[in-house]
Each structure stands twice: as structure tokens, then as C-alpha cells.
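Structure assessment
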Amino acid sequence: MIYCGYRATYGAYLMAALHAGIYKGSQLPSKQFIEAHFDMCRLYGEQYGNLIYVGLDEGLNEIYAMGCNRFFSVIEKAQACVTKIFKIDEELYHIDVTPLEGFLPRFMGFLLARRVNTRLCQKLFFWWFKHKYGFFAKAVQRQKRELEKFRLP
């Protein structure tokens, strides 16, 4: 499963980490986890098209995050074609989280890319993370149920 966002390290990574069990959906992660997540956004937020391996879920499905900028449908189709060309039997599932993220991750990414007040961006990130966490946790649970339904014979 590939969670795709405008940038890989905000909503896409948050949902992937929830799906893989790094973050527990029932409780907000510790301040250290949120700070580490922000550091990842600061360091790798401008990577587009690179798969970030997050881990395995309970069903041993590989979970990834990826930044797609505005090209989600193009990347989704390209990866589906590559699996056909190389006769890869595993099905790819792409989830576009960009509409769920809101505007703030793009704004923070813009500021961080221009090295504008990292402390302000960190405060915005903490607010965004705490505000969106429960919403994303519920969305991941829905995705897991959909994946289970799809995989049943």
C-alpha cells in the first residue's frame, strides 16, 4: 500500500505510520515522536516520487509513503504499468491523502524549503499533527477494512 501526499512526509507518512503500527491510532504519539516526524519533514519534505518504506502491517503488506506533488494519477498509472510490464503479481494500492491534509503542510513545506523560521513551522506542525491525528487514524482504519475486503476470496 502506498500513501501518497503532496509531500511524502506529512499526511502520507502519518497515515502510513498509523497503518504500520508505528503510531497507535488510539493515542497521540509522544512529543519525541512528533518532533522526529517534524525533523523528517524538514529534511526530506521536498522529495517527490521517492518511495519511503515505512514498515509492514499485520497482514504483512508493505506500507510506503510517497510525495506526488500534483501528479498522483500519473504516478499511480505509471506504477501500475510497470507492474504489468515486469509481471509482478502483487497488487499496488495507492491512497491519495492530499485532499485530507489541508493547506498547512504545503505552506509549512514552502517555508521550510526557503529556510524561513523553522521554530514557527514546528509550532504549526505540532498544531496540524494534533488537529489531524484522530481524523487520519479513522481514515486508516477504513483503508484497512477496505484492504481486507478486497483481499478476501
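That block above? That's the structure.
Presented here is an overview of the structure given in this document. (Residues numbered from 1 in each chain as written. Predicted model: local features only at pLDDT ≥ 70, side-chain atom pairs only at ≥ 80, totals over all residues. Heavy atoms only, no water.)

1. Describing the environment of Phe-38
Here is the rule we go by: Helix numbering and strand numbering both begin at the N terminus, where a helix is a DSSP run of H or I of at least 4 residues and a strand a DSSP run of E of at least 2.
Within the secondary structure layout, Phe-38 lies in helix H2 (residues 31–44). For the pair Phe-38 and Lys-123, spaced 85 residues apart in sequence, the C-alpha to C-alpha distance is 9.8 Å.

2. Observations regarding the nonpolar core
To be explicit about the condition: Only buried residues count toward a nonpolar core. Its members are Ala, Val, Leu, Ile, Met, Phe, Trp, Tyr and Cys residues joined through side-chain atoms within 4.5 Å. When a residue's accessible area, from a 1.4 Å probe over protein chains only, is under 20% of the maximum for its type it is buried; when over 50% it is exposed; and in between it is partly exposed. Any two residues whose heavy atoms approach within 4.5 Å at even a single point are treated as in contact.
If you look at the biggest cluster of nonpolar residues, it comprises 39 residues, and the most contacted ones within it are Tyr-3, Leu-14, Leu-18, Tyr-23, Phe-125, Trp-128 and Phe-129. The dominant element in this core, judged by the number of residues it contributes, is helix H6 (residues 118–151), at 11 residues. Residues in contact with Leu-18, not counting those within four places in the same chain, are Tyr-23, Lys-24, Gly-25, Tyr-133, Phe-136, Ala-137, Val-140 and Lys-144. If you look at the next biggest cluster of nonpolar residues, it comprises 7 residues, including Cys-4, Tyr-64, Met-66 and Ile-75.

3. Side note on the packing of aromatic side chains
Filter applied, for reference: When the centres of two rings from Phe, Tyr and Trp lie within 6.5 Å, Trp using its six-membered ring, the rings pair. Their planes under 30 degrees apart give stacked, over 60 give edge-to-face, and anything left gives tilted.
In total, this model carries 14 aromatic pairs according to the counting rule given. Summarising the aromatic geometry, the rings of Phe-125 and Phe-129 are spaced 5.8 Å apart at their centres and angled 45° between planes, so their arrangement reads as tilted. With Phe-125 and Phe-129 both in helix H6 and 4 residues apart, this pair spans about one turn of that helix. Side by side, Phe-125 and Phe-129 carry an identical accessibility label, which is buried.

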